[in-house]
Amino acid sequence: MIFSLSGLPGAGGWSPQVTDSQPWLQLDLRDRMEVTAVATQGRYGSSDWVSGYLLLFSDTGQAWKQYRQEDGVGRFVGNVNADSVIHHKLSHSIRSRFLRFVPLDWNPSGWVGLRVEVYGCAYKSDVADFDGRSSLLYRFNQKSMSTVKDVISLRFKSHQAEGVLLHGEGQRGDYITLELHRGRLALYLNLDDTRLRFSSGRVAVTLGSLLDDQHWHSVLIERFNKQVNLTMDTHTQHFRTKGEGDSLEVDYELSFGGIPLPGKPGTFLRKNFHGCIENLYYNGINIIDLAKRRKPQIYSGNVTFSCSEPQLVSTTFLSSSSSFLSLPATPSASAGFAVRFQFRTWNPEGLLLSTQLALEPQRLDLQISNSRLITQKTHPAVSTGHRVNDGLWHSVSLSSQGLQVTTTLDNEPSSTIELGDHMEAGNSLYFGGCPSLNILGCKNPTLAFQGCMRLISINSQPMDLNRVQQGRLGNYKELQFDTCGIHDRCLPNFCEHGGQCSQSWNTFYCDCSGTGYTGATCHNSIYEASCEAYRLTGGSSGFFSVDPDGSGPLGPTQVYCNMTEDKVWTVVTHNSTDPVRVQGSTLQKPYVMKFNYSASPEQLMALVAGSEQCRQEVMYGCRKSRLFNTRDGTPLSWWVDQGGERRTYWGGFLPGVQQCSCSLEENCMDMNYFFLSYKEHLPVSEIVIGDTNRTGSEALYRIGPLRCYGDKSVWNAASFYQESSYLHFPTLQAELSADISFYFKTSVPSGVFLENLGLKHFIRLELSSPSVVTFSFDVGNGPVVLAVKSHVPLNDRQWHYLRAERSVKEASLHVDQLPLRFLEAPSDRHLRLRLNSQLFVGGTAARQSGFLGCIRTLTINSVTFNLEERAKMTPGVSVGCPGHCSGSSSLCHNRGRCIEKNSGYVCDCSQSAYGGPSCKEGVNLISSVTYTFQEPFSVMQNRSSKTSSDYRESSRARENIAFSFMTTQSPAMLLTVNTFSQQYIAVILARNGSLQIWYSIHVDRKPDVFSPSPSSLADRRLHRIRIHLPYLLFTGVDAVDEEVMRAGSKGFIGCLSSVQFNHMAPLKAVLLNRGSSLVTVRGHLVESNCGTLADLTILHSQSGEFSNSELLKSVVFITLCVVAVMTRFLYQHREAQRDASIKEKEHRHDLETAYRRETAYQAESAYRTELHLHHSSTLRDNREYYI
C-alpha cells in the first residue's frame, strides 16, 4: 500500500460540500509511483458512498488523463454500502504522481462519501528532454553493427504529432526508423534491399493514435531475423520485414530524437521529436544513463535530463446538445477583435464559436460542417480546410481588421469575409455551443461542439480556465476541465474482414464496401457457404461465390455449381486442365507441375471438409514409363495432396497401394481414366513424373477439376426427447463477436436451445413461450434481452430458422421472415463476453427447462457443430430428425413433391412440367410436332358414365393450363382440349400472328373467339400463356372450327416449353418417359434448351424496360380480358348444362369415331417442316398472358 485514506473507526472519510456540483478527490503521492490497484469504501458511520467513479492520473496535477480498463471502459464500479471494500486490480499499471477520483453516482438517499487505498510501489526512471532541436547519438565501437536479434524499448510523451524517435541506416540499404506521424507510431524497417532505402514505396507498420496527448506511452521492438513484434502500450502487431537478408546492418551510429545530416550538427533531415523519453534501452544498453554519465560513445546535443511540463491544459466539451463555454470579450487595443484557440474532435458537425456583432444585428459563427471549417456571417459562408474531424489538434484564428474578417486554419492560406462597415464582437463569446435560453440569438446550427479545446485567447489575452471552473470568469455547462477526453474507438479496429473504421465522439462505424461481408462490424458473409445452400435458396446451375467458412477469416471464392443432377456438385478449376505430354524426365530431374486452383489452399481445405464426398478425375497414359521401380518399389511418379504429402496410390484405391484399384480387382476397362476419391487428400496440388527419358518413352496426363457434392452441415440434426437431456461442447469462444444460427421444430411451448455460463457472464437462446424466442446475455453491464414474437405459434412441428448475433457494436435476433430485432451496444461499457463452462445445447447445466424437439444445422461463428456425433453417446438424444420436408414447401418448386430421406430430401418432379433437383429447370422442345394426350379407353368410358349430378359437381372445379412458346410461324396450332360433349378450347396463332383463344360450349352454336393481343406473337420471342377455366373432361381433339383446323393443318414450328395441364406434364412425359400409354406422339422430337436460353437473354437484356404507366395498362388490360372471357364462358356453360344429360348417350356413341379422326388429324400435321431457333440473342421481350 502506498496511500490510505481509510482512517481509524470513527475517522469518517472524504465528503464534499453539498453545493459542489462537480466534486473530486485528488491524491498527491509526492513522487511518481507505479500504481497497480485501488480500493474504495463509503464514509464511516453514514449513508454516504460512491457507487461509480472515474480514475484520472497526472504527472503535474494539471493535465489529466482518464484511466481506461482493458475493454476501454472508464467507469469503475463502486460501493453499495458504507462499510464494504471494493478492490480493483488495474489491468495495466499507472506510473504517475497524482490521482483523482471523480464520483459519477452515489447513494440516492445520502451523499458522496469516500475512503480510498492505493496499492503499488516506487518507480524510478532515467529521463531525457528533447526540445525539437536536440538529439542523442549512440556511436558504435566499430564501423558498422550487424545484428540478427534486436530488442529496443523506451517510454515517451510528446507535445506534437510529428517527430523522429530513433533512426539508423547502413550503406547496403538497411534502415530502421521509429517516428510519430499524425499522432500515430510508425516503424520503417528494411534488411538488405537498396531499392527501398529512400523510395516512396516504403511501407510503415503503424500502431496507436492520439499519441501527442502529453502522457507516457511505452514502446517495445523485438526482432529475430525477419520476424518482428511491435508493441505500443497494450497493443501488439506482428509482421515480417522487407529485404533479402536476416541481419540489420547499421553504420557508425544510432540517433534518438532526430536524423542529423552528416557533418552538419544541428541540421536534420526530418522533424525532430519534441517531448520526453525515459528508460531508453538498445539491446540491453541504457542509452540515457550513458548520456547522463557523459560517456564518449554518446553525443547529447541540447538534451536535458529532466522532463519539462508545458502548460497546455485542455477542456472537454462533453455533450453535442448542451455543452458551451461563455467568455467575456476583453477590450481590444485596436478596432475589431481577435480570437485564437486549438481544437480536436471526431465529429463532422459542431459549433466552435458564436458572437453577437456590436455594429450590426447579426451574429458571426465559426462551425464545423461536413468535416470542414465554415465561417458565416448570415450569408454567404466561407469554408476553410478539408477534413478537421481527424482527431488531431488544429489551430484556428478569427480576427477582424478594417472591413474584413479573416479566418486562418493551421498553416493553410487565410480566407476572408467582406463587411459593409467596421465591426466589433459583442459582450460575450460562446465557445462550443449556445445556451438553451437562446441568449441574443445564439443558436446551435446543427449540433454543439463535442471535443477538446485549449490555448484560448481573446484579443491576445490568454483565458485562465481555472477561474472559469472556480466560477470567477464566464459561464459553462457540461464541460470537463484539465483533461482531453478524446478516445480512439477504432483502436483496436473491431471492423472485421478488412472493413474500414470511422468514428464519431461516441461510437464507431464500419464501411464494409467491397469486402464481401455485411453487418455492423462486417462480420456476416453475403455469400452462401456451399452450392447446396444456394440450391436451398432456389438457385440453378451457374457460377457462384461461396464462403466456405462464413464469418471466419477466409474470404469468398468463385466456384461452378452443377445442379442438373440429384446431387449438387461444386466444381473448382485450376490452371492446367488440358492434357499434357511428358518426355525426357528422370528421377533426378523429374517433370513437376504445380496446380493453382481458383481458391486458396485454406479455402479448398474448408470446402472439402464441409462436403460429403469429393473426387478428382485423372487421365494417365504412358509408354515405356513406370510408376515405380519393380525391384525395390521406389516410386518414380507420384502426386502431392493438399497437405503437401507425397501420394503413390492411383485410381481410387486406398492410400498406400501403388496401383490402381481396377488392376488389383482385374476389372479394368480403360486404364487411362480413373478417379481419386479419398477426400482428405484432395485436391491434387502437384504431380511429379520421373521415368520418361528412354527412347520412345512418354507419359500423357490430365488432372481434372475438383468436384465435391453435399454439405455435411445442412442436415446434421439431433432429436431431444427428454427434458433433462442435452449435448455439451467445449466453451464458446466468442469474446467480441458471436453469430449463432440453426433450425428447430417442436411441439412444446418452451425450452432452452443453448446456454453457456461464466462467473458473471452468460449467453442463452430459448423458446420462452409458444410464439416468443428470446436471446439474452450479460458481458458485465447487466443482462440484455432481445425477444421476437411471432404472429403464429412456433411450436407447430414445422421447421423454423433462428439467427442471433452479438458484437461489440450491437446485438440482433432474427426468426424466420419476421422483422429483425436489434439493440445497439452502449458506449464506454464492457465489451468482452467471458465464459468458462461447457456449452449446453438442448438444455441447461441445471437440467431444467430443456428443449424437446429437433435442432439441425447448428452453426456458431461459422463452425458447424456435429450434433449427430454427440447424440450417439448421449441418453435422451437421438441422431437425426424426421420430417425435413415439414414446413419447407419452398424446397421443391412448380408443384414438385418433397420426399424424405435419412439425411435430407429429394424432389419428385413427376407431377411438374419442370425438372432438375428443385423442379425449376424447364423441359423444352424444338420441332414441328403433334401431341395426342389420351387416357386408356376404359378410363374414359368410366368418366363418361358419370351422372348429371356428378358432372355438375365436378364442373365447379377449374382447369389450369400453362405453357411457353417461341416461333416465327403463323398460323400455328399451340394447344387444343376437347370434352366428351364436344366442348373444346383451342389456343392458336392466326394468320397475322395474333393470339386467339377459340372455345365452344355447345355444338349447336358457333364457337366464340377471344384475341387478347392484336400484335403478332410470331416474333422469335418467348411468351408465356396461363389459362384458368371451368373443369373439362380431357380427351382427344374432335371436330373444330375451320380457322382452328387451318392452324392445326399448319402444325407448330418453334420452341414449346414447360407445358402443364393440371397435374400432368405432357411435354415432359414425351421427353422423359418414352412409351408412356398416356401420350401418343407422331413425328420426330428434338429436345432443346431454347426456353431456358430465352429466359436468360430476356432477363439480362430487358430488365426494367417497361415504364410504370405501361405496366399499369398491361395489368388493367389483362384483368378486363379475364373478366370478359370468363363471364361469357360461364354463361354459355350454364346454358349447356340443361341438355347435358340428354346428349350423354349420343356422345358415348361418337367417342371412337372422334378418337380415330384425331389420330388422322395429328398424323397429318406431324410431318411439317422443322425450324430450329438458335439465335436467342435476338429476343427482346418477355410477356405473360393470364387468360
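Residues numbered from 1 in each chain as written. Predicted model: local features only at pLDDT ≥ 70, side-chain atom pairs only at ≥ 80, totals over all residues. Heavy atoms only, no water.

The name that an unreviewed UniProt entry assigns to the protein is Contactin associated protein-like 5a, with the source organism given as Oncorhynchus mykiss. For the record of the protein, the UniProt heading Subcellular location (unreviewed entry) holds the text "Membrane". As recorded by UniProt, the Sequence similarities (unreviewed entry) comment attached to the protein reads in full: "Belongs to the neurexin family." (UniProt positions renumbered as here; feature names shortened; annotations may be inferred.)

Trainee: Please clarify how the side chain of K679 should be interpreted in this entry.
Mentor: Counting through the fold element by element, K679 comes out in the loop between β52 (673-676) and β53 (686-689). Buried charge K679 goes without a salt bridge, the closest partner of opposite sign being E680 at 5.1 Å. Engagement of the side chain of K679 in a polar contact is seen with the backbone oxygen of S611, the distance being 2.4 Å. (Helix = DSSP H or I, 4+ residues; strand = E, 2+ residues; numbered from the N terminus. Buried < 20%, exposed > 50% of the residue type's maximum accessible area, 1.4 Å probe, protein only. Lys, Arg positive; Asp, Glu negative; His and termini not counted. Salt bridge = Lys/Arg side-chain N within 4 Å of Asp/Glu carboxyl O. Polar contact = N/O pair within 3.5 Å; in protein donor to acceptor, adjacent residues only side chain to side chain.)

Trainee: Sorry, what's going on with the sheet that holds strand β76 (residues 972-978) here?
Mentor: Strand-to-strand pairing in sheets goes through backbone hydrogen bonds, with the strands running parallel or antiparallel. Taken in spatial order, the four strands make up an open sheet running β76-β77-β78-β79, and their pairing is antiparallel. Each edge of the open sheet is held by one strand with a lone partner, namely β76 and β79 (1008-1013). The average angle at which neighbouring strand axes cross in this sheet is 15°, direction not considered. Taken strand by strand, helix α9 (residues 1042-1050) contacts β76, β77 (984-989) and β78 (995-1000), and its axis lies near 55° from that of β77. (Pairing = 2+ DSSP bridges. Axes fitted to C-alpha atoms, helices over the stretch in contact; angles between N-to-C directions. Contact = heavy atoms within 4.5 Å.)

Trainee: Could you clarify how one ought to interpret the sheet that holds strand β60 (residues 772-778) in this entry?
Mentor: Pairing is antiparallel across the open sheet formed by six strands, whose spatial order is β56-β65-β58-β59-β60-β61. Either end of the sheet is taken by a strand with one partner, and the two such strands are β56 (727-729) and β61 (784-789). Geometrically, the sheet is characterised by an average inter-axis angle of 15° between neighbouring strands, direction not taken into account. Relative to β60, strand β59 (residues 762-769) runs antiparallel, the two sharing seven bridges.

Trainee: How should helix α4 (residues 601-610) be read in this particular structure?
Mentor: Three- or four-residue spacings in an α-helix give side chains the same orientation, since the helix completes a turn every 3.6 residues. Q603, L604, L607 and V608 are the residues of α4 that are buried. The arc enclosing the buried residues of α4, seen along the axis, measures out at 130°, which places them on a common side. Structurally, α4 contributes buried residues whose contacts are with β45 (557-562), β46 (569-572), β49 (613-623) and β54 (698-709). (Arc of directions from axis to C-beta.)

Trainee: Quick question: what am I supposed to make of unusual backbone geometry here?
Mentor: A negative phi angle characterises most non-glycine residues, just as the trans form characterises most peptide bonds. Following L491, the chain continues into P492 via a peptide bond in cis, with omega recorded as -5°. When you line up the elements, P492 lands in the loop between β39 (479-481) and β40 (500-503). Following S970, the chain continues to P971 via a peptide bond in cis, the omega torsion being 0°. In this fold, P971 is placed in the loop between β75 (958-967) and β76. In this structure, R182 takes a positive phi of about 55° despite not being glycine. Relative to the helices and strands, R182 is located in the loop between β12 (175-181) and β13 (184-191).

Trainee: Quick question: what am I supposed to make of the packing of aromatic side chains here?
Mentor: Geometrically, a pair of aromatic rings is defined through the distance of the ring centres and the angle of the planes. Within the structure shown, the criterion is met by 31 aromatic pairs. Plain terms: the ring middles of F156 and F273 are 6.2 Å apart, the flat faces sit at 85° to each other, and that makes the pair edge-to-face. Of this pair, F156 sits in strand β10 (residues 149-158) while F273 sits in the loop between β21 (264-268) and β22 (274-282); the two residues are 117 residues apart in sequence, bridging distant segments of the chain. Summarising the burial analysis for this pair, F156 and F273 share the class buried. (Phe/Tyr/Trp six-rings, centres within 6.5 Å; stacked < 30°, edge-to-face > 60°.)

Trainee: What is the right way to look at the pattern of salt bridges in this model?
Mentor: Note that side chains of opposite charge can pair when their charged atoms are close. All chains considered together, the criterion is met by 35 salt bridges. Between K157 and E309 there is a salt bridge; the shortest N-O distance is 2.7 Å. Within this pair, whereas K157 is found in strand β10, its partner E309 is found in the loop between β24 (298-301) and β25 (314-317), the two being separated by 152 residues in sequence. Exposure remark for K157: the relative accessible area of 2% places this residue in the buried category. Between D691 and R626 there is a salt bridge whose closest N-O contact spans 3.0 Å. In this pair, D691 sits in the loop between β53 and β54 while R626 sits in the loop between β49 and β50 (637-640), placing the two residues 65 residues apart along the sequence. For D691, a relative accessible area of 4% translates into the label buried. The class of R626 is partly exposed, set by a relative accessible area of 33%. One network of salt bridges, in which partners are shared, links R32, D59, R155, K157, E278 and E309.

Trainee: In this structure, what is going on with the environment of S768? I would like to understand it.
Mentor: For S768, the location among the structural elements is in strand β59. Separated by 17 residues in sequence, S768 and G751 place their C-alpha atoms 6.6 Å apart. Those residues in contact with S768 that lie beyond four places of it in its chain are P749, S750 and T774.

Trainee: So what exactly am I meant to see when it comes to the state of the cysteines here?
Mentor: Two cysteines joined by a covalent bond between their sulfur atoms form a disulfide. For the coordinates displayed, the defined rule picks out nine disulfides. Covalently, C276 is tied to C307 through a disulfide, its sulfur atoms 1.9 Å apart. Its torsion about the S-S bond being 95°, the disulfide of C276 and C307 is classed as right-handed. Taken as a pair, C276 in strand β22 and C307 in the loop between β24 and β25 lie far apart in primary sequence, 31 residues in all. Residue C276 is classed as buried on the basis of its relative accessible area, which comes to 0%. Residue classification places C307 among the partly exposed residues on the basis of a relative accessible area of 22%. (Disulfide = S-S within 2.5 Å.)

Trainee: Just checking my understanding: could you explain the pairing of strand β27 (residues 338-344) for this structure?
Mentor: Remember that side chains alternate between the two faces of the sheet whenever the strand is regular. Burial runs high along β27: five of the seven residues are buried. Relative to strand β32 (residues 394-401), β27 runs antiparallel, the two being bridged by six bridges. Paired with V339 across the strands is L398, a residue of β32. Here five bridges tie β27 to strand β36 (residues 451-458), and the two strands are oriented antiparallel to one another. By the bridge assignment for β36, V339 is matched with I458.

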